[in-house]
Amino acid sequence: MTELFHSAPSLREEPLPGGAHTSLILRKGQILRLTDIEGGANVSMMMLNPHEKSERLNLPDTLKGQHTARLTTGHCFYSDMGRVMAAIVADSCGWHDPFGGVLNAAETREKYGAGRYQELRNGFYRNGVDNLLVEMGKWDLGLQDLLMVVNFFSKVTVDEQGRFGFSAGNSQAGDFVELYAPMDVLMVLTALPHPQDPATDYLPRPVQLSWYQADDMQVVSDAMITRGENQRAFHNTRLFAL
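Small disclaimer: the values here were computed from a predicted structure and weren't measured.

Definitions and limits used
- Residues numbered from 1 in each chain as written.
- Predicted model: local features only at pLDDT ≥ 70, side-chain atom pairs only at ≥ 80, totals over all residues.
- Heavy atoms only, no water.
- Buried < 20%, exposed > 50% of the residue type's maximum accessible area, 1.4 Å probe, protein only.
- Helix = DSSP H or I, 4+ residues; strand = E, 2+ residues; numbered from the N terminus.
- Polar contact = N/O pair within 3.5 Å; in protein donor to acceptor, adjacent residues only side chain to side chain.
- Pairing = 2+ DSSP bridges.
- Axes fitted to C-alpha atoms, helices over the stretch in contact; angles between N-to-C directions.
- Patch = residues over 30% accessible without salt bridge, like charges linked within 9 Å, V, L, I, M, F, W, Y side chains within 5 Å.
- Areas by Shrake-Rupley, 256 points an atom, 1.4 Å probe, with all protein chains shown as cover.
- Salt bridge = Lys/Arg side-chain N within 4 Å of Asp/Glu carboxyl O.
- Core = buried A, V, L, I, M, F, W, Y, C linked by side-chain atoms within 4.5 Å.
- Contact = heavy atoms within 4.5 Å.
- Disulfide = S-S within 2.5 Å.

Trainee: So what's going on with helix α1 (residues 59-66)? Residues and values would help.
Mentor: Where α1 is concerned, the buried positions are Leu 59, Thr 62, Leu 63, Gly 65 and Gln 66. The backbone nitrogen of Asp 61 lies 2.9 Å from a side-chain oxygen of the residue at the head of α1, namely Asn 58. Backbone geometry just after α1 places His 67 at a positive phi near 50°.

Trainee: Give me the lowdown on the pairing of strand β12 (residues 207-213), citing residues and values where you can.
Mentor: Where burial is concerned, most of β12 is hidden: five out of the seven residues are buried. Direction of pairing for strand β3 (residues 30-36) relative to β12: antiparallel, over a ladder of seven bridges. Note on β12: the bridge partner recorded for Leu 34 is Leu 209.

Trainee: I'd like to hear about the sheet that holds β3, residue by residue, with values.
Mentor: On the basis of which strands lie adjacent, the open sheet formed by six strands has the order β1-β12-β3-β10-β6-β5 and antiparallel pairing. What marks the edges here is a single partner per strand, and that holds for β1 (12-16) and β5 (76-78). Each strand axis lies, on average, 20° off the axis of its neighbour in the sheet, ignoring direction.

Trainee: How would you summarise a nonpolar patch on the surface if you had to cite specific residues and measurements?
Mentor: On the surface, Phe 99, Val 158 and Phe 164 cluster together into a nonpolar patch covering about 270 Å² of accessible area. Secondary-structure assignment places Phe 164 in strand β9 (residues 164-167).

Trainee: Quick one: what's the story with the nonpolar core, residue by residue and with numbers?
Mentor: In this structure, Leu 34, Met 47, Phe 77, Phe 152, Phe 153, Leu 179 and Met 187 are the most contacted members of the largest nonpolar core, which totals 32 residues. The dominant element in this core, judged by the number of residues it contributes, is strand β11 (residues 185-191), at four residues. Those residues in contact with Leu 179, other than ones at most four positions away along the chain, are Leu 26, Gln 30, Ile 31, Leu 32, Met 45, Met 47, Phe 77, Ala 87, Ile 88, Phe 152 and Met 187. In this structure, Phe 5, Tyr 78, Met 224 and Ala 233 belong to the second largest nonpolar core, which totals 14 residues.

Trainee: Any details on the state of the cysteines? Residues and values, ideally.
Mentor: Taken as a whole, this structure holds zero disulfides when the rule is applied. Here Cys 76 is not cross-linked by a disulfide; its sulfur's nearest cysteine counterpart is in Cys 93, at 19 Å.

Trainee: Outline the environment of Gly 29, listing residues and values.
Mentor: In this structure, Gly 29 sits in the loop between β2 (21-26) and β3. Between the C-alpha atom of Gly 29 and that of Lys 64, which follows or precedes it by 35 residues, the distance is 26 Å. Non-local contacts of Gly 29, meaning those with residues more than four positions away in its chain, are made with Tyr 180, Ala 181, Tyr 212, Gln 213, Ala 214 and Met 217.

Trainee: Explain the sheet that holds strand β7 (residues 150-152) to me, using residue names and the numbers behind them.
Mentor: On the basis of which strands lie adjacent, the open sheet formed by four strands has the order β2-β11-β4-β7 and antiparallel pairing. Each edge of the open sheet carries a strand with a single partner, namely β2 and β7. Ignoring strand direction, the axes of neighbouring strands in this sheet form an average angle of 30°. The strands that helix α4 (residues 128-137) touches are β2, β4 (43-48) and β11; relative to β11, the one it contacts most, it runs at about 145°.

This is a description of form; function is not addressed.
Structure, rendered in structure tokens:
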């Protein structure tokens, strides 16, 4: 059983339909749960400091500092200022992809077909770049601010020749991942198929967003100090959040 660092009930619930996008500030001490409702979901997420948006998620440092090529329970997300922006505190899925990125409009059209609004109305084929940019615009951010993303619920492996391989069925209906915020963090996210998913039918899956208050921030932070690098990053975060 995955250990939880919060009590029920949730503070808030919000669905994120397949193909949709949203953005939010996860407040210091809160936990956000993402739940795959149907199975096969993918959620692409950016992270920034809402109070100083030049501070952003640094995925290369996140991976190098924790000696990993996948993300799961116990892993922290480092900013480019060496702070912990968020940490995975519970995960029933076990593998989340930091490499795959998102598709742009041309790539989406090449993979899935035209899927135009003129014929499909609100069912038109959306792409990750445009979805993220729509949300970023609400925070006075533009194309120059577009970052690498974490693709939650997706598993991408690397073979002996260095080629990426998408693993279908990594996430089942009801699987979830929980993100704890030791500082306020702006999250920009969209629910679209992973770029390396070989399926050519456009079938984005929905997820559920649930907010909780951590029962004890110190207990959660201590549990995430799985290596020296995390301890230093949490120290930097505490200094910033004083």
